[in-house]
Amino acid sequence: MNLIAKFKETVNSVLPVMIIVLILGLTAAPLGLDLITRFVVGGVLLILVLTIFLLGVDVGIQPMGEQIGAALTIKRSLSFLLIVSFIIGFLVTVAEPDIQVFGDQIHKVFDCVDKMQLVYMIAGGVGLLIMLGLLRTILSMNLKITLLICYIAVFVLAYFTPASFKGIAFDSGGATTGPMTVPFILALGVGVSSVRAAGKNNNNDDGFGLTGVTSVGPVIAVLLYGIILFKCGILTDSAVSEEIAEESKGLGIFIRIIPGIFHESILSIAPLAGLLVVFQIFLLHLPPRKLIRMIIGLVYSFIGLSIFLVGVNGGFMSAGSKLGLLLGTKAAVSGGFWYFLLIVTGLILGAVVVCAEPAVWVLTEQVENLSGGAIKRKLMLLFLSAGAAIAIGLTMWRAMAGFSLMKIIVPGYAIALGMMIFCPSLFTAIAFDSGGVASGPITSTFVLSFTIGASQAAGGNGDSFGVIALVAMTPLIAIQVLGIIYNQKVKKVMKIKNADTGGEQ
């Protein structure tokens, strides 16, 4: 039954995008029979393997995180907790499929950027900010102040980072919090929250916010990486690839890329398996049945990750790049209708992608329950869908016009951070957690590839990156708007109650 539920989640996530691409690929932007066939095969593989992968996360990865979180809690050693949480954050991020795909995308556009160096920098950023997030929970530090300090650091570093690398840095924050990383982060957060002394400034938002804080880590790390590459003379704007590489023909590409991807998947999952072995020997001491179940979950995750990478590299991302290139070229040459079609396609993709993400449905249900029904799920979906549609529409406009990402990011985050003054703390925590939730596997694969294609049609100057960042930024505003609305409703209800009682106590 669980497998059927996971299958339905992935079908709802992938199928709408496939339908949009097939309509455009057979009409306005002909992709050719070969590429359409590979896209369909890649899409079917994505549906099947995301099902297997998510099942593996449920069976092995998430229980493993919960068990480790509980074991660390029992130890009650702050230094041990922080060190181990860094190691876990690092290893889990390296295994995150969204990050593996993201690293490939970056290397294709920036030849000078080593994929695994980038992945390790992102993983290091996640590990460090998990430590900070857990420390905040333990010491009861104010979440809003913590987030403000983190984002001040982000924009200071962004000032010194090459323009072509800023989009990559901001994208990395949204790409990191995927189906592998989030369960571990949440499990650790719950474990540490339960350790705190009962009744000692125990705020409702302590169970939230860790994902939001953690997602800043990759941004800081990649900004630093860009500064280092620039100072060493490795990274320049001229290092950006001007053309999309010629794609291999035929379905044989799926077979040809298996050995390299199999090797990558082993390198990603093996550290997690090693972590389980070490914790089982020295800390967990799980009964054989639970241990075998976790091992089976890791095997599912390995199979899912391997075939996921085969599917996206074999045809799914190629179709996205080609579709973006064709529509972008027509928009750049003819303007008018084609320019309009490109932006409308971005708007539709944004609305569809966010509404299709399983994690978004979980989040909206959580907020509806949390607000006692005052904030309806449909209203949240409307806000999130509109925000993501605007984000991808703006990205299409920026890809063609070539203006700086910072003209959107800076005012966007200024609004989001300014809204914290008026928004209840709980909704601020949920908002910053939800930023990564909104940008899932489809955004990190197809939508990013589509944007790269459109950008390269307009000159290929690195403007393609930033789409994940914008999709991740919109929930920060949307959910805080709902939080402010909810807060006003509560105040109104309280005022009516006080008026009815005539101020009597």
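What you see is a predicted model; the values in this text were computed from it and never measured. (Residues numbered from 1 in each chain as written. Predicted model: local features only at pLDDT ≥ 70, side-chain atom pairs only at ≥ 80, totals over all residues. Heavy atoms only, no water.)

Turning next to the nonpolar core. Core analysis: the biggest nonpolar cluster contains 150 residues, and I68, L72, I88, F170, F316, L323 and F446 have the highest contact counts within it. Ignoring sequence-local partners within four residues, the contact set of I88 consists of I68, L72, F184, L188 and L275. (Core = buried A, V, L, I, M, F, W, Y, C linked by side-chain atoms within 4.5 Å. Buried < 20%, exposed > 50% of the residue type's maximum accessible area, 1.4 Å probe, protein only. Contact = heavy atoms within 4.5 Å.)

Let us now look at the pattern of salt bridges. Across all of its chains, the model carries 2 salt bridges by this definition. The closest approach of N and O atoms between R38 and D34, which form a salt bridge, is 3.4 Å. Taken together, the residues span about one helical turn, with R38 and D34 both in helix α2 (residues 33–75) at a distance of 4 residues. By relative accessible area, which is 2% here, R38 ends up buried. With a relative accessible area of 28%, D34 lands in the partly exposed category. As a salt-bridge pair, K115 and D104 come within 3.2 Å of each other at their nearest N and O atoms. With K115 in helix α5 (residues 115–139) and D104 in helix α4 (residues 97–109), the pair connects residues that are 11 residues apart, well separated along the chain. On the accessibility criterion, D104 (15% relative accessible area) is buried. (Salt bridge = Lys/Arg side-chain N within 4 Å of Asp/Glu carboxyl O. Helix = DSSP H or I, 4+ residues; strand = E, 2+ residues; numbered from the N terminus.)

Once that is clear, we can look at the packing of aromatic side chains. All told, the structure shown has 19 aromatic pairs when counted by the stated rule. Residues F110 and F465 carry aromatic rings whose centres are separated by 6.3 Å and whose planes lie at 40° to one another, so their mutual orientation is tilted. A residue pair is termed long-range when its members are at least 10 positions apart, and F110 in the loop between α4 and α5 and F465 in the loop between α19 (441–457) and α20 (467–501) qualify at 355 residues. Looking at F110, the relative accessible area reads 0%, which means it is buried. Using a relative accessible area of 1% as the deciding quantity, one classes F465 as buried. These aromatic residues form a ring-pair network of at least three members: Y151, F155, F170, Y413 and F432. (Phe/Tyr/Trp six-rings, centres within 6.5 Å; stacked < 30°, edge-to-face > 60°.)

In this section: the side chain of D171. Mapped onto the secondary structure, D171 falls in helix α7 (residues 163–176). It is R398 that comes nearest to the buried, bridge-free D171 among opposite-charge side chains, at 6.9 Å. A polar contact of 3.4 Å, which involves the side chain of D171, links it to the backbone nitrogen of V467. Residues within four places of D171 in sequence aside, it is in contact with F102, L448, F465, G466, V467, I468 and A469. (Lys, Arg positive; Asp, Glu negative; His and termini not counted. Polar contact = N/O pair within 3.5 Å; in protein donor to acceptor, adjacent residues only side chain to side chain.)

Structurally, L132 can be placed in helix α5. Filtering out sequence-adjacent residues up to four positions away, L132 remains in contact with T146, C150 and V213.

All right, on to the packing of helix α16 (residues 377–401) against α20 then. Where α16 meets α20, the closest approach of the two axes is 8 Å, and the angle between their N-to-C directions is 145°. Judged by the sense of rotation from one axis to the other, the crossing of α16 with α20 is right-handed. Listed contacts from α20 to L379, M380, F383, L384, G387, A388, A391, I392 and T395 of α16 are V467, L470, V471, T474, P475, A478, I479, V481 and L482. When its residues are assigned to classes, the contact of α16 with α20 shows 15 nonpolar, 3 polar and no charged. (Axes fitted to C-alpha atoms, helices over the stretch in contact; angles between N-to-C directions. Left-handed = near helix turned anticlockwise from the far one by under 90°. Nonpolar A, V, L, I, M, F, W, Y, C, P; charged D, E, K, R; others polar.)

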